[in-house]
Amino acid sequence: MKILSISLLLVILSSSAFTQSRINTTSPDGKIIFEFSFRDSRPFYSVIFNGKSVIQQSELDLGLNNLNLTKGFITGKTQRLQGVEEYELAVGKTKKVREAFKQITIPLISPQAQVNLVVKLFNDGLALRYEFKSAKGQDSLVLTDEHTTFNLPDKSVARTLLLPNYISSHEGRYSAIPIKELREGSLMDMPTLFEIPGGTYLAITEAALVDFAGMYLTKENNSIRSMLSPWPGQTSIK
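All values reported here derive from a predicted model rather than from experimental measurement.

**Student:** With reference to specific residues and values, describe the sheet that holds strand β21 (residues 215-220).
**Tutor:** Pairing within the open sheet is antiparallel, and its five strands lie in the order β14-β22-β21-β18-β16. Pairing within the sheet leaves two strands with one partner each, and these edge strands are β14 (149-150) and β16 (162-163). Both β21 and strand β22 (residues 223-228) contribute to a ladder of six bridges, which runs antiparallel. The residue bridging Y216 from the neighbouring strand is M227, located in β22.

See below:
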C-alpha cells in the first residue's frame, strides 16, 4: 500500500456508471481531494490539498504477464465506506490512535481481468492499493514492473536518501535536491519527503505489503515513479 502523508507546515459523490471517466472522493474533513480519471484509455489520478494541487495528473499502471491495465478496461460500480480506525502504537508520544477515514474501491474491469483500486483517505494523508480479483485463464500473475507515478508541481524539492543499488544498508546522509536537478534513474529510499512551493510537505512511503516487492522511487522523464526491487539473481521479475 502506497501511503502519501500530507501536511501543511506541521502536518461524497455517489458513482455507479460503468463507463465513468472521472471519480472524486475526499478526506473526512474535505481538505484532501482524490480524483481518478481515464485519459487515452489509461488510468490516472491527482490529489488536491487545501485547494492546491500537490500531485498533478499521474498514471497508475502495473507490468504483469498477459495483463495490461492500459487496454480495454472500464470502471465498474464503485463502493464507498467510512469509519474510524482504532489501534495502539508500540512506541511514540501517543499510545492509542483513533482516525476517521473514507474509502473508495474503484473496479477496473476488462474481458480478461478485474483489478480493484482501493483508495483510503484520512485527514493527514491517503493510501492506494491494487487488489487483484480475477484474471481469465490464469491462477497466478507475474509482476514485472510498476509504473505508479507521482507528478509533483514545478520547483518541488526532494529530501531523500539516494542509494547506489537495491542491496544497501539503507543508511546515509539525506540530500535536499530540486526534482529538476535529480539525475534520471536516481534510486531513492523511502520514506522520501517532498517540499512543494508554498510551504506544503508531502511524504511517500509504503505499508502493509503482502507477497509484494519492496518499493523505491526513481526519476523518469522528469517525473517521480515507483521502482520495485527485483527477485534476487535476475532483473525481470519483481
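Continuing now.
**Student:** Tell me what's going on with unusual backbone geometry, and back it up with residues and numbers.
**Tutor:** Of note, the amide linkage connecting M190 to P191 takes the cis form, showing an omega dihedral of 5 degrees. Inspection of the secondary structure assignment puts P191 in the loop between β18 (187-188) and β19 (192-196). Non-glycine residue A208 carries a positive phi angle of around 55 degrees. Locating A208 in the fold gives a position in the loop between β20 (200-206) and β21.

**Student:** Explain the nonpolar core to me, using residue names and the numbers behind them.
**Tutor:** Grouped together as the largest cluster of nonpolar side chains are 46 residues, with contacts concentrated most on F34, F36, F194 and L217. The next biggest cluster of nonpolar side chains, apart from the first, holds five residues, and it includes L163, L187, Y216 and M227.

**Student:** Give a description of the environment of F101 that names residues and reports values.
**Tutor:** Of note, F101 is situated in strand β10 (residues 96-109). Along the sequence, F101 and V84 sit 17 residues apart, while their C-alpha atoms lie 5.9 Å from each other.

**Student:** An account of the pattern of salt bridges is needed here, citing residue identities and associated values.
**Tutor:** Taken as a whole and assessed by the stated rule, the structure comprises eight salt bridges. Ionic pairing is found between R98 and E86, a salt bridge with its closest N-O pair at 3.2 Å. Taken as a pair, R98 in strand β10 and E86 in strand β9 (residues 79-88) lie far apart in primary sequence, 12 residues in all. Side by side, R98 and E86 carry an identical accessibility label, which is exposed. Across the pair K238 and D145 runs a salt bridge, and its minimum N-O distance is 3.8 Å. Note that K238 is positioned in the segment after β22 and D145 in strand β13 (residues 143-146), a separation of 93 residues in sequence.

**Student:** Before we move on, could you go through the sheet that holds strand β2 (residues 22-26) and cite the residues and values that matter?
**Tutor:** Taken in spatial order, the four strands of this open sheet run β2-β3-β4-β5, and their pairing is antiparallel. The strands lining the two open edges of the sheet, one partner per strand, are β2 and β5 (52-59). When the angles between neighbouring strand axes are averaged without regard to direction, this sheet yields 15 degrees. Judged from the five bridges that link them, β2 and strand β3 (residues 32-39) form a sheet pairing that is antiparallel. Paired with T26 across the two strands is I33, which belongs to β3.

What counts and how
Residues numbered from 1 in each chain as written. Predicted model: local features only at pLDDT ≥ 70, side-chain atom pairs only at ≥ 80, totals over all residues. Heavy atoms only, no water. Pairing = 2+ DSSP bridges. Helix = DSSP H or I, 4+ residues; strand = E, 2+ residues; numbered from the N terminus. Core = buried A, V, L, I, M, F, W, Y, C linked by side-chain atoms within 4.5 Å. Buried < 20%, exposed > 50% of the residue type's maximum accessible area, 1.4 Å probe, protein only. Salt bridge = Lys/Arg side-chain N within 4 Å of Asp/Glu carboxyl O. Axes fitted to C-alpha atoms, helices over the stretch in contact; angles between N-to-C directions.

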